[in-house]
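# Observations on chain architecture
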Amino acid sequence: LYILKSQGLYRRAKILTKDKKIEYMKMTAAKKCIEKRNDLSFIERLIELVSLKKMGITRMEEKMDADESEALLLVYDDYDRYVKKEGYIDFDDMILKCRSLFEKDPGCLESWQRKYRYIQIDEMQDINRIQYDTVRALAGDSANIFGVGDDDQAIYGFRGAEPGMLQHF
């Protein structure tokens with residue numbers, strides 16, 4: 001978020017909190033006539049699935065039931081439009097927009113590489129591929145990254161974390 005704000009992409013970013021996500025997801029589910037719209041665990045699962053889809057984590061598809069799959073198709077685009085329209089940004093957007101900025105503007109990336117010459121990643125077993133690739137780009141050719149983690153302590157697989165990133169590193 002700091003990088004995005006520093007580049008003028010967000011002046012006063014509104015962080016999309018869990019409560020706001022639940023509120024909006026309930027509203028969207030009602031608008032789309034989703035049967036389980038009042039089931040909090042189902043709503044939270046939809047929020048999780050939206051996050052995984054945004055991050056391009058496709059292994060989630062095999063674990064979805066028919067209701068989840070159908071509901072995700074119905075709410076995903078509305079969620080994305082809402083976030084943009086209301087000026088919100090969530091954790092996934094921060095990562096995706098930062099990666100996109102680095103890809104589109106090599107000069108910007110080089111500037112941040114000079115600023116952050118050494119990078120430490122704590123709990124590295126809990127990052128996903130997009131986070132890993134973004135940090136690798138930020139480290140540049142120096143690859144001055146220090147990773148701390150234990151793949152036996154990976155707890156965020158449900159959010160797309162890939163403990164294999166630690167081994168890949």
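Residues numbered from 1 in each chain as written. Predicted model: local features only at pLDDT ≥ 70, side-chain atom pairs only at ≥ 80, totals over all residues. Heavy atoms only, no water.

## Side note on the pattern of salt bridges
Applying the stated rule across the entire model yields 14 salt bridges. Here K32 ties to D78 by a salt bridge, and the two come within 3.7 Å at their closest N and O atoms. Pair noted here: K32 is in the loop between α2 (18-31) and α3 (40-54) and D78 is in helix α4 (residues 66-86), with a separation of 46 residues, a long-range link. The residue K85 makes a salt bridge to E86 at a minimum N-O spacing of 3.9 Å. (Salt bridge = Lys/Arg side-chain N within 4 Å of Asp/Glu carboxyl O. Helix = DSSP H or I, 4+ residues; strand = E, 2+ residues; numbered from the N terminus.)

## Observations concerning the state of the cysteines
Among covalent bonds in proteins, the disulfide is the one between the sulfur atoms of two cysteines. In the structure shown here, the tally under the stated rule is zero disulfides. Not part of a disulfide, C98 finds its nearest cysteine sulfur in C108, a span of 7.7 Å. (Disulfide = S-S within 2.5 Å.)

## Some remarks on the environment of A13
Residue position: A13 is located in the loop between α1 (2-6) and β1 (14-15). Classification of A13 by relative accessible area gives buried; the value is 17%. It is 6.6 Å that separates the C-alpha atoms of A13 and I89, two residues lying 76 residues apart in sequence. Not counting the four nearest positions on each side in its chain, A13 is found in contact with L1, K5 and I89. (Buried < 20%, exposed > 50% of the residue type's maximum accessible area, 1.4 Å probe, protein only. Contact = heavy atoms within 4.5 Å.)

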